[in-house]
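# Chain and residue survey
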Amino acid sequence: MALNGIIGLGKMEDWNSHQIEHALSGIYDTPHGAGLSIVFPAWMKYVYKNGISKFKRYAINVWNVEQESKTDEEIALEGIEKTKAYFSKMGAPVSLAEMNIPEEDIERIAKTAMMPGSGSYMEIGTKEAEEILRLAIK
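A brief report on the enclosed structure follows. Bear in mind that the values here come from a model prediction, so they are computed numbers and not experimental data.

## A closer look at the packing of aromatic side chains
- The full count for this structure, using the stated rule, is 6 aromatic pairs.
- Both rings, one in F55 and one in Y121, keep their centres 5.5 Å apart while their planes meet at 50°; by these two values the pair is tilted. With F55 in helix α3 (residues 52-63) and Y121 in the loop between α5 (106-113) and α6 (126-135), the pair connects residues that are 66 residues apart, well separated along the chain.
- Judged by relative accessible area, F55 falls into the buried class, the value being 5%.
- Judged by centre distance (5.5 Å) and plane angle (55°), the rings of W63 and Y86 are tilted. Note that W63 is positioned in helix α3 and Y86 in helix α4 (residues 72-89), a separation of 23 residues in sequence.
- The exposure class of Y86 is partly exposed, given its relative accessible area of 40%.
- Members of the aromatic cluster, joined through ring pairs, are F40, W43, F55 and Y121.

What follows is the structure in structure tokens.
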């Protein structure tokens, strides 16, 4: 069901975190879920300003982030941090360092991962993929 297209009906989809993760899997034989637990929070942090209302809604509806006295940005960022903390609590890696993936390989990973101009929140090319991966170093 996950890949039959139903979840994307009527909305814009963005699979760039998966594109980046597929490069990790291909180069390092990383399990898909482990790679996503590293890449997804970093990708969220990189693109959230371009979809802040969705990230805010996610934080509130999934993580019960309190709204009182917080900006939309603070709420969205708290949701992203709670996502990363949840992955960590489950025992999943949340950084490239945890998987012994060296920072020097970021350029290679990004080049392997990206098709220029993809993404619904913003266009993600090789340069942006590198920046996302740098957010996932530690």
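Next comes the rest of the write-up.
## Re α3
- The end-to-end C-alpha separation of α3 is 15 Å, in line with the 16 Å expected for 12 residues at 1.5 Å each.
- Looking only at α3, the buried set comprises F55, A59 and I60. Projected onto a plane normal to the axis of α3, the buried residues spread over an arc of 130° and lie on a single side. Opposite the buried face of α3, by more than 90 degrees, sit the exposed residues S53 and N61.

What counts and what doesn't
Residues numbered from 1 in each chain as written. Predicted model: local features only at pLDDT ≥ 70, side-chain atom pairs only at ≥ 80, totals over all residues. Heavy atoms only, no water. Phe/Tyr/Trp six-rings, centres within 6.5 Å; stacked < 30°, edge-to-face > 60°. Helix = DSSP H or I, 4+ residues; strand = E, 2+ residues; numbered from the N terminus. Buried < 20%, exposed > 50% of the residue type's maximum accessible area, 1.4 Å probe, protein only. Expected span 1.5 Å × (residues − 1). Arc of directions from axis to C-beta.

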